[in-house]
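# Analysis of the macromolecular model
The residues making up each chain are set out below.
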Amino acid sequence: MRVILTVIGKDKVGIIAKVSQKLADLDINIVDVTQTILEDYFTMMMVLETKETIEFSLIRRELDEVAKALGVDIRIQNAEIFDAMHKL
């Protein structure tokens, strides 16, 4: 299953490392990533590949913990839903 992940928040050391480590712990592959810093705000978007057997709610719960620890907003959604929402 393909998943879209976004991270937005005040820039600080370790955001990429902690998010990437949690994804590795969950055996989720990062297919593509882009990130930038706009003034003091960190923004990142990732395309991820997960195993079909992993529960989406588990991914969300685990990333919610990372978001809380880092003080950032992390959102995930199924890529099919993301694509459908953004078609003309």
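Soluble globular proteins tend to bury their nonpolar side chains together. Grouped together as the largest cluster of nonpolar side chains are 22 residues, with contacts concentrated most on Leu-5, Val-7, Val-19, Leu-23 and Ile-74. For this core, the elements supplying multiple residues, two or more each, are strand 1 (2–10), helix 1 (15–25), strand 3 (41–49), helix 2 (56–70) and strand 4 (73–78). At five residues, helix 2 tops the list of elements feeding residues into this core. Other than its neighbours up to four places away in sequence, Val-7 contacts Ile-15, Val-19, Phe-42, Thr-43, Met-44, Val-72, Asp-73 and Ile-74.

As a further point, take helix 2. Taking 1.5 Å of rise per residue, the 15 residues of helix 2 would be expected to cover 21 Å, and the 21 Å separating its terminal C-alpha atoms lies within 8% of that figure. Burial in helix 2 covers these residues: Ile-59, Leu-63, Val-66, Ala-67 and Leu-70. Each buried residue of helix 2 lies within a common arc of 100° when the element is viewed along its axis, so the set occupies one face. Helix 2 presents Glu-65, Lys-68 and Ala-69 as exposed residues on the side facing more than 90 degrees away from its buried surface. The inward-facing, buried residues of helix 2 abut strand 1, helix 1 and strand 4. Among the residues trailing helix 2, Gly-71 stands out with phi positive, at a value near 70°.

As paired strands, strand 1 and strand 3 are joined by nine bridges and run antiparallel to one another. The residue bridging Val-7 from the neighbouring strand is Met-44, located in strand 3. The sheet contact formed by strand 2 (residues 29–38) and strand 3 spans nine bridges and is antiparallel. When the bridges of strand 3 are listed, Asp-32 appears paired with Val-47.

Looking only at helix 1, the buried set comprises Ile-15, Val-19, Lys-22 and Leu-23. Taken down its axis, helix 1 places every buried residue within 100° of arc, on the same side. Looking at helix 1, the residues exposed on the side facing more than 90 degrees away from the buried face are Ala-17 and Asp-25. In this structure, the buried side of helix 1 is in contact with strand 1, strand 2, strand 3, helix 2 and strand 4. Positive phi shows up at Asp-27, right after helix 1, with a value of about 60°.

About the criteria used
Residues numbered from 1 in each chain as written. Predicted model: local features only at pLDDT ≥ 70, side-chain atom pairs only at ≥ 80, totals over all residues. Heavy atoms only, no water. Core = buried A, V, L, I, M, F, W, Y, C linked by side-chain atoms within 4.5 Å. Buried < 20%, exposed > 50% of the residue type's maximum accessible area, 1.4 Å probe, protein only. Helix = DSSP H or I, 4+ residues; strand = E, 2+ residues; numbered from the N terminus. Contact = heavy atoms within 4.5 Å. Expected span 1.5 Å × (residues − 1). Arc of directions from axis to C-beta. Pairing = 2+ DSSP bridges.

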